[in-house]
Amino acid sequence: MSYEKLQNLQAMLKDMENVVVAFSGGIDSTFLLYVARETLGKDKVLAVTADSETFPDRELEDCKQLVEGLDVQHEIISTSELAIPGYTDNTQDRCYLCRDNLFENLKPLLEGRDYNNIVFGLIADDMGEHRPGVIAAREHGVRGPLQEVELYKSEIRELARECGLSNWDKPSYACLSSRINYKETITIEKLNMVDQAEQMIRDFGVRQVRVRMHGEIARIEVPPEDMSMIMEIHDTLQTRLTEIGFSYVTLDLAGYKSGSMNLALNKKSASALY
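- Going by the annotation in an unreviewed UniProt entry, the name recorded for the chain is ATP-dependent sacrificial sulfur transferase LarE, with Salibacterium salarium given as the source organism.

Written out as structure tokens, the structure is:
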């Protein structure tokens, strides 16, 4: 079934003839970029990465290396989510504001050039989650080909592995703002705190980690199989995270879950029905 979806993806890209790919360096946008490059050729594909306060330098360097390996044209644009009106208020529409700004910044790349389409790494798994960024994409005419052919993360990873993509098993990543509890103001200081905390835990060998910020509390999410490692180094983590600026450090027994901050939104929505 995955191969049939891949063929559908290739056919869709051929119909587009050329694409600007919003490239974040994750496996979804990497696979989309790879298939576009293989289907359309180097001159018909442009990868664009937005460099901002919510995107760590190490992720930007990964993007550069990946694009170089894929032999694709690459442009880096500077953006600032924190300068977007309303963004730092951190409401549930934060991702809409971010995507709206991103796609608005990508549009000028189409003018006077041989590109007519903007695509991004939306996948089938995303459609069951709180994704206000999808609304922004539709408003700007930006498409998510992977989602349109109903490719799921597990299928993308398998296809990417077979294609020889080096990051086929790269842990999922999201912008640093997603670590800060809704309604808590986003600041560069808070973004740096969660970035430092997560990198510190990765340095101990944990690949998939989120450090969610709830006021002065750092809530660590890791897969269940890595919880024992966290407990072995809990004294060190407690010391280092408090040095960073947290007052309390906790381990979430539910384990890592993408978009876990949205759970509170879902509960509030459900309670509103009664």
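Picking up after the structure, the text goes on.
## Considerations on the packing of helix α8 (residues 188–202) against helix α10 (residues 234–244)
In step 1: Contact pair α8 / α10: the axes reach a minimum separation of 10 Å and the direction vectors enclose 160°. Classified by the interaxial angle, the pair formed by α8 and α10 is roughly antiparallel. Seen along the crossing, α8 lies across α10 with a hand that is right-handed. The residues of α10 that touch α8, namely those facing Met193, Gln196, Ala197, Met200 and Ile201, are Leu237, Arg240, Leu241 and Ile244.
In step 2: Counted by class, the contact of α8 with α10 contains seven nonpolar, one polar and one charged residues.

## With respect to the nonpolar core
In step 1: With 34 residues, the main nonpolar core has Leu9, Val19, Phe31, Leu33, Val45, Leu146 and Leu151 as its most contacted residues.
In step 2: Among the elements of the structure, α1 (2–16), β1 (19–22), α2 (27–40), β2 (45–51), α3 (57–70) and α7 (153–162) are those that each provide at least two residues to this core.
In step 3: Top contributing element to this core by residue count: α2, with eight residues.
In step 4: Grouped together as the second largest cluster of nonpolar side chains are 26 residues, Leu191, Met200, Ile201 and Met213 included.

## Overview of the UniProt feature "domain: NAD/GMP synthase" (unreviewed entry) in the chain
In step 1: As recorded in UniProt, the sites labelled "domain: NAD/GMP synthase" (unreviewed entry) are residues 15–82.
In step 2: Annotated as residues 15–82, this span is 44% helix and 25% strand, and its ends, taken at the C-alpha atoms, are 37 Å apart.

## Focus on the sheet that holds strand β4 (residues 118–119)
In step 1: Taking strand neighbours across the sheet as the criterion, the four strands line up as β3-β2-β1-β4 in an open arrangement whose pairing is parallel. What marks the edges here is a single partner per strand, and that holds for β3 (73–78) and β4.
In step 2: Of the pairings in the sheet, the one linking β1 to β2 comprises four bridges and is parallel in character. Across the sheet, the residue bridging to Ala22 is Val48, located in β2.

## What about the domain arrangement of the chain?
In step 1: Domain assignment breaks the chain into domain 1 (1–163) and domain 2 (176–264).
In step 2: The C-alpha-based centres of domain 1 and domain 2 are spaced at 27 Å.
In step 3: Every contact between the two is made by 13 residues of domain 1 and, on the other side, 17 residues of domain 2.
In step 4: Regarding the contact of domain 1 and domain 2, the summed buried area is about 1,300 Å², with carbon and sulfur atoms giving 51% of it.
In step 5: By the criterion of area lost to domain 2, the three top residues of domain 1 are Arg58, Asn90 and Arg94, representing 38% of everything that side buries.
In step 6: At the surface where domain 1 touches domain 2, the tally comes to one salt bridge.
In step 7: Asp195 is the salt-bridge partner of Arg58, the closest N and O atoms lying 2.9 Å from each other.
In step 8: The tally of links from domain 1 across to domain 2 stands at nine residue pairs in polar contact (both at pLDDT 80 or more).
In step 9: When the residues that make up the side of domain 1 that touches domain 2 are grouped by side-chain class, the tally is three nonpolar, six polar and four charged.

About the criteria used
Residues numbered from 1 in each chain as written. Predicted model: local features only at pLDDT ≥ 70, side-chain atom pairs only at ≥ 80, totals over all residues. Heavy atoms only, no water. Axes fitted to C-alpha atoms, helices over the stretch in contact; angles between N-to-C directions. Helix = DSSP H or I, 4+ residues; strand = E, 2+ residues; numbered from the N terminus. Parallel < 35°, antiparallel > 145°, perpendicular 65-115°, else oblique. Left-handed = near helix turned anticlockwise from the far one by under 90°. Contact = heavy atoms within 4.5 Å. Nonpolar A, V, L, I, M, F, W, Y, C, P; charged D, E, K, R; others polar. Core = buried A, V, L, I, M, F, W, Y, C linked by side-chain atoms within 4.5 Å. Buried < 20%, exposed > 50% of the residue type's maximum accessible area, 1.4 Å probe, protein only. UniProt positions renumbered as here; feature names shortened; annotations may be inferred. Pairing = 2+ DSSP bridges. Domains from an automatic or database assignment. Buried area = accessible area lost by both parts, 1.4 Å probe. Salt bridge = Lys/Arg side-chain N within 4 Å of Asp/Glu carboxyl O. Polar contact = N/O pair within 3.5 Å; in protein donor to acceptor, adjacent residues only side chain to side chain.

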